Amino acid sequence: CFGVDDVDKLMHEGRSTLHTTPGHHSNPSRRSFCLYLCVMATSDERKAALADLRERLGLGPSDLLAAGRDPGDLTAPTWPGDEGLQRAVAERGVGNVVVDPRVSDAYTPEPDDKSPPAPDLSEIPDVTRPDIARRFRCTTPPFLAEDKDAQLCRYLRARDYNVDKAEKMYTESLAWRKEMHVDYVLHRDDNLESLWQDQAPILLGGHDKLGRPIVIERTGVVRVGQILKHVTRQDFAYRHSRFMEMCDMRIAAAAGKFGTHVSQQVVIMDMKDMSFRPDSNAIPLFKQTINIDQNNYPERLGDLFIINAPLVFRGLFALVKPVLNAKTVAKFHILGSDFAPKLLEYIDASNLPVEYGGTLDVVVPAWRALPSGYVAPPKNYVPEDATVPQSDAGASGDGEGHAAEADAAAEPAAKSSSWL
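Numbers given to residues run from 1 along each chain, matching the order in which its sequence is written. The predicted nature of this model means local features are confined to residues of pLDDT at least 70 and side-chain atom pairs, given and counted, to a pLDDT of 80 or more, with totals for whole chains, interfaces and linings taken over all residues. Calculation of side-chain values draws on the structure's entire complement of heavy atoms; hydrogens and water are dropped beforehand.

A.B. asks: Please clarify how the sheet that holds strand 1 (residues 202-207) should be interpreted in this entry.
C.D. replies: In sheet architecture, strand pairing relies on hydrogen bonds along the backbone and comes in two forms, parallel and antiparallel. Two strands are said to pair when DSSP picks up at least two bridges between them. Helical segments are the DSSP runs of H or I of at least four residues, strand segments are the runs of E of at least two, and each set is numbered from the N terminus. If you trace the five strands from one edge of the open sheet to the other, you get 1-2-3-4-5, paired in mixed fashion. Across the chains shown, the open sheet's two edge strands, defined by having one partner strand only, are strand 1 and strand 5 (332-334). Ignoring which end each strand starts from, the neighbouring axes of this sheet average 15° apart. To get an axis, a line is fitted to the C-alpha atoms, and for a helix only the part in contact is used. The angle between two axes follows their N-to-C directions and goes from 0 to 180 degrees.

And the structure:
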């Protein structure tokens, strides 16, 4: 991936090209230029890259290529940089805007006798319901349900259509999913749910002007050192993989409701009440979760708004920034206390809670202390029986089923939460 200095140099050299390219400005931001670089490959080169990657992974012919379509059509639109898209949203509303259509259908969890009917995950959840986390129970992982062309194109875009790098990224991601048992993290409830709810409050709900699902996290109140008294860094990784699988389900549901252009999400991290004495454990965990997202959930982050960011955070971010690629950095918006105008550029007031400058009467859950004498229950990340359904060749890495079983006896969880 390009470094920031490389991007600046290419921006300087490429302004005349951008000036004559439809949809691009002669004085672009780093973000818009990075997105431009991702599609610099010609249509034939993109088609060849997808065909080559499918062949290397032992997959059959591409439906997208058979239809004569360009993999570049699957590139997620930018907001608010696409003026044509802004006009379409203003004139017709999010639900009627269809740009860069994808070949995949919206993912719907498969209900069984141990799972409730598939909910509409694109709606704003009622955070007072005791079964909010159980709404994400499913028998088929979102990764296996996703259209293979759309999936591979995400990895190709993440590696600028370099097939060698995309193949390496994809196969390493499959190995990670197997090692972390990601294919069945949503088969059962998390025994540590109450800990994550109390110590890392989060709201999964609403959508931006493109229809992308919104995640709001009270990151500033998280005290990593306190949580690590009860769990390990590996537990954080398991929890984050569970959270990202939930997010993939919400993205697919939103795509079905608002338009097939939806393939990413928007994250708001509220740094209010962040400790001025940074926890030495926080930076390694922050890097760990960012690496999980970059390497295993490519092209899923649309925009990240870090609000109420104190000066100490800006210093800490400088330590994390080197592990980020330029395209990821371009999606970060680090804001102080005057964040509402920027959020309202991307999100309608009706989908933004009142405390963040909107009109939505929903309260983001608050941090709560753990009960006195709290003892973490046994972990249940790795069920021992049954088998996770597999998709076509290449989906699971080795073609073998993984163990998985939905625990119907688990207590309902109050709400879904995650550190990041």
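A.B. asks: Sorry if this is basic, but what is going on with the pairing of strand 1 here?
C.D. replies: Residues in a regular strand point their side chains to alternate faces of the sheet. To sort residues, take the accessible area from a 1.4 Å probe on protein chains only and compare it with the maximum for the residue type: under 20% means buried, over 50% means exposed, and anything in between is partly exposed. Within strand 1, six of the six residues are buried, leaving the element largely enclosed by the surrounding structure. The hairpin formed by strand 1 and strand 2 (residues 213-217) contains five residues between the paired strands, and glycine 211 there has a positive phi angle of roughly 95°.

A.B. asks: How should I be thinking about the nonpolar core in this particular structure?
C.D. replies: Grouped burial of nonpolar side chains is what soluble globular proteins tend to show. We call a set of buried Ala, Val, Leu, Ile, Met, Phe, Trp, Tyr and Cys residues a nonpolar core when their side-chain atoms join them within 4.5 Å. The biggest cluster of nonpolar side chains holds 36 residues, and the ones touching the most others in it are Val215, Phe243, Met269, Ile306 and Phe313. Those elements that place two or more of their residues in this core are strand 1, helix 11 (233-258), strand 3 (265-270), helix 12 (282-296), strand 4 (301-307) and helix 13 (311-320). Tallying contributions element by element places helix 11 first for this core, with seven residues. Here, two residues are considered to be in contact whenever any of their heavy atoms come within 4.5 Å of each other. If we ignore the near neighbours within four places in the chain, the residues touching phenylalanine 313 are Met271, Met274, Ile306 and Ile334. Of all hydrophobic cores here, the second largest spans 22 residues; its members include Ala41, Leu53, Leu152 and Cys153.

A.B. asks: Help me understand the pairing of strand 4 in this model?
C.D. replies: Burial runs high along strand 4: six of the seven residues are buried. For strand 3 and strand 4, the ladder comprises six bridges, and the chain directions are parallel. Counterpart to methionine 269 in the pairing with strand 4 is isoleucine 306. Pairing of strand 4 with strand 5, which is carried by three bridges, proceeds in the parallel orientation. Residue pairing for strand 5: leucine 304 is matched across the bridge by phenylalanine 332.

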